[in-house]
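Report on the structure
Here is what each chain is made of, one letter per residue.
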Amino acid sequence: ALGMSLHAHEQYGAAEAAYQRAEALAPGDFAWPYYLTMVQQAKGDTDAALRSIARALAIDETHVPALHLKADLLLAKGQWADARSIVRQILDKNPVQARAHYTMGRVLQGLGELDAAIDSFQTACEFFPAYGAAHYAAASAYRQKGDRNQAS
């Protein structure tokens with residue numbers, strides 16, 4: 001509870017220590033390495049966050065928010081192929097998840113596959129029409145392609 005309170009108040013260093021202690025006391029509990037990952041991500045410690053999310057996913061490999069978090073961390077490190085594999089795993093189980101299509105678009109855009117990225121962003125928008133980040137990302141990919149009309 002202390003870690004969560006500190007986390008909520010953006011006291012990331014203290015929250016990290018509390019989550020590490022909680023994980024040491026309850027090593028099989030998914031919550032502690034998962035929350036620890038979020039704090040480490042907020043602190044910008046991507047390498048530590050990837051180690052923590054690996055421990056969380058070793059406990060529950062099907063936890064979709066944790067899979068998304070891992071994909072985001074891999075994207076932050078430019079590990080496009082690994083991120084693509086994680087997102088594919090999510091989409092194989094739930095092909096109508098807008099966030100997964102958006103993240104796949106980010107992966108594809110990072111790989112330079114702009115047409116496929118645009119398709120993924122547009123699919124995300126079809127499943128969730130108010131998905132502002134996906135609309136913006138699609139426009140960004142169109143601009144990157146040089147198609148100003150579609151971008152606008």
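Here is what the cut-offs are and how they apply
- Residues numbered from 1 in each chain as written.
- Predicted model: local features only at pLDDT ≥ 70, side-chain atom pairs only at ≥ 80, totals over all residues.
- Heavy atoms only, no water.
- Phe/Tyr/Trp six-rings, centres within 6.5 Å; stacked < 30°, edge-to-face > 60°.
- Helix = DSSP H or I, 4+ residues; strand = E, 2+ residues; numbered from the N terminus.
- Buried < 20%, exposed > 50% of the residue type's maximum accessible area, 1.4 Å probe, protein only.
- Lys NZ or Arg CZ within 6 Å of the ring centre and 35° of its normal.
- Expected span 1.5 Å × (residues − 1).
- Contact = heavy atoms within 4.5 Å.

1. Brief notes about the packing of aromatic side chains
Summed over the entire model, instances satisfying the criterion amount to eight aromatic pairs. Taking 5.6 Å as the distance between ring centres and 40° as the angle between the ring planes, the aromatic pair formed by Tyr19 and Tyr35 counts as tilted. Here Tyr19, found in helix α2 (residues 12-25), pairs with Tyr35, found in helix α3 (residues 31-42); they are 16 residues apart in sequence, far enough to count as distant. Where Tyr102 meets Phe121, the ring centres are 5.9 Å apart and the plane angle is 45°; that geometry is what we call tilted. Residue Tyr102 is found in helix α7 (residues 98-110), and its partner Phe121 is found in helix α8 (residues 114-127); the two are separated by 19 residues along the sequence. Classification of Tyr102 by relative accessible area gives buried; the value is 17%. Taking NZ or CZ as reference, Arg143 lies 5.7 Å from the ring centre of Tyr136, over its face.

2. Side note on helix α9 (residues 132-145)
Under the 1.5 Å per step criterion, the end-to-end length of α9 is 20 Å for 14 residues, consistent within 8% with the ideal 20 Å. When we look at burial in α9, the residues that qualify are Ala134, Ala137, Ala138, Ala139, Ala141 and Tyr142. In this fold, the buried residues of α9 make contact with α7, α8 and α10 (148-151). Remark: Gly146 follows α9 within two positions and exhibits a positive phi of approximately 95°.

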